[in-house]
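# Summary of the model geometry
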Amino acid sequence: MEVLIGGIRQPVKITRRKVKNITLRVSKTGEILITCPKCAMQWEIQNLITFNEAWILDQQLKRSRENEMNREGVNGSEIWWLGEKKQVCRVPAKRDSVTVNGDELTFYLKEETEDRIQAAFRKAAAGEILHLAEEQREVWDREICDAAGILRPAITTRYMTSRWGVCYPRKNRITLSTRLIHYPLECLEYVLLHEYAHFLVPNHSRAFYAVIERYMPDYKERRKRLR
Ligand SMILES: [Zn+2]
């Protein structure tokens, strides 16, 4: 089935199941998904979709923004840096480096190969993430580590795709994903607190989130942006 959404014909994926109501979702990739009872009529589905057109468009816009941020878009002409879109420039140079100035991100490259671009970007991202974490850590060192008599941790970064951060209580270390560089600063703030909180509570229990909520009442909003 296809529907007209925002003036564009779009496919609808319909799953018929033993359910009572018709439900509408937008997938991570922006697809329109319907789950409905086996006997649901096409016009009923159509009505639900038409009624929710504005919501669907809103969700699709959000998803495309998220996907764009998630993308390792260093080879494109634009890149997300701390939640802001930057124009990418490339300049030949003796040594590889990256600078961020206003809404421009400039790659200085000895050779313009994909590997070099990736490596230069990850290095710049790691540097910026560490710098920002160092700026923010003081309060958590005091409030969490000192208060509980725990050693202040070392903070490192790594390129990770499946996690935003890891806490190693035994090694007294926190590792942050360099991919956080694509997201607004408040996301990094959340991940840093999240990992510090693991020194107090190792799992993701209620007690754990109670610690986070105490210091960051809006943590759910921040976390949502990272999904
Ligand atoms: Zn965790």
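Position numbers for residues start from 1 in each chain and track the written sequence from start to end. Totals for whole chains, interfaces and linings use every residue, but because this is a predicted model, local features are given only for residues with pLDDT of at least 70 and side-chain atom pairs only at 80 or more, for both listing and counting.

## Looking at the domain arrangement of the protein chain
A common measure of how large an interface is: the accessible area buried when the components associate. Assigned domains within the protein chain: domain 1 (2-69), domain 2 (72-120) and domain 3 (123-225). Contacts between the two partners involve seven residues from domain 2, matched on the other side by seven residues from domain 3. Going through the elements one at a time, strand 5 (78-81) and helix 3 (114-148) are the ones with two or more residues in the side of domain 2 that touches domain 3. When grouped by side-chain class, the residues that make up the side of domain 2 that touches domain 3 number six nonpolar, one polar and no charged. How far each domain reaches was decided by an automatic or database domain assignment. In this description, a residue-residue contact is defined by the distance between C-beta atoms placed from the backbone, which must lie within 7 Å. Counting from the N terminus, the helices are the DSSP runs of H or I reaching at least four residues and the strands are the DSSP runs of E reaching at least two. Under the grouping applied here, Gly and all other residues not named as nonpolar or charged are polar, the nonpolar ones being Ala, Val, Leu, Ile, Met, Phe, Trp, Tyr, Cys and Pro and the charged ones Asp, Glu, Lys and Arg.

## Let's talk about the sheet that holds strand 8 (residues 104-109)
Paired strands, as defined in this entry, are two strands with at least two bridges between them according to DSSP. Pairing is mixed in the open sheet, where four strands are placed in the order 5-6-8-7. Each edge of the open sheet is held by one strand with a lone partner, namely strand 5 and strand 7 (97-101). The average angle at which neighbouring strand axes cross in this sheet is 35°, direction not considered. Bridging between strand 6 (residues 84-92) and strand 8 involves six bridges; their strand directions are parallel. Across the sheet, the residue bridging to Pro92 is Leu109, located in strand 8. Against the sheet, helix 3 contacts strand 7 and strand 8, and its axis sits at roughly 125° relative to strand 8. To get an axis, fit a line to the C-alpha atoms, keeping to the stretch in contact for a helix; angles then go from 0 to 180 degrees between the N-to-C directions.

## Focus: the nonpolar core
Residues Ile129, Leu180, Leu188, Val191, Leu192, Leu193 and Tyr196 are the most contacted members of the largest nonpolar core, which totals 28 residues. Going through the elements one at a time, strand 5, strand 8, helix 3, strand 11 (173-177), helix 4 (185-197) and helix 5 (206-215) are the ones with two or more residues in this core. Mapping this core onto the domain boundaries places at least three of its residues in each of domain 2 (72-120) and domain 3 (123-225). Residues within four places of Leu193 in sequence aside, it is in contact with Trp140, Ile212, Tyr215 and Met216. In this description, a nonpolar core means buried residues of the types Ala, Val, Leu, Ile, Met, Phe, Trp, Tyr and Cys, linked to one another by C-beta atoms lying within 7 Å. Any residue with 12 or fewer other C-beta atoms within 10 Å of its own C-beta is exposed, any with 20 or more is buried, and the rest are partly exposed; the C-beta atoms used are placed from the backbone.

## Points about the sheet that holds strand 11
As summarised here, the arrangement of the three strands in space is 9-11-10, forming an open sheet in which the pairing is mixed. Strands with a single pairing partner mark the edges of an open sheet, and in this sheet they are strand 9 (154-158) and strand 10 (165-168). Going from strand to strand, the sheet's axes swing by 20° on average, the running direction of each strand aside. Of the pairings in the sheet, the one linking strand 10 to strand 11 comprises four bridges and is antiparallel in character. Of the residues in strand 11, the one forming a bridge with Cys167 is Ile174. Contacting strand 9 and strand 11, helix 3 runs over the sheet at an angle of about 155° to strand 9. The sheet contacts of helix 4 involve strand 10 and strand 11, and relative to strand 10 the element is tilted by about 20°.

## Notes on helix 4
A helix is expected to span 1.5 Å for every residue after the first. For helix 4, built from 13 residues, the straight-helix expectation of 18 Å at 1.5 Å per residue is met to within 8% by its first-to-last C-alpha distance of 18 Å. The element helix 4 is extensively covered by neighbouring structure, given that ten of its 13 residues are classed as buried. Taken residue by residue, helix 4 has Cys187, Leu188, Tyr190, Val191, Leu192, Leu193, His194, Glu195, Tyr196 and Ala197 as its buried positions. On its buried face, helix 4 sits against helix 3, strand 10, strand 11, helix 5 and helix 6 (219-225).

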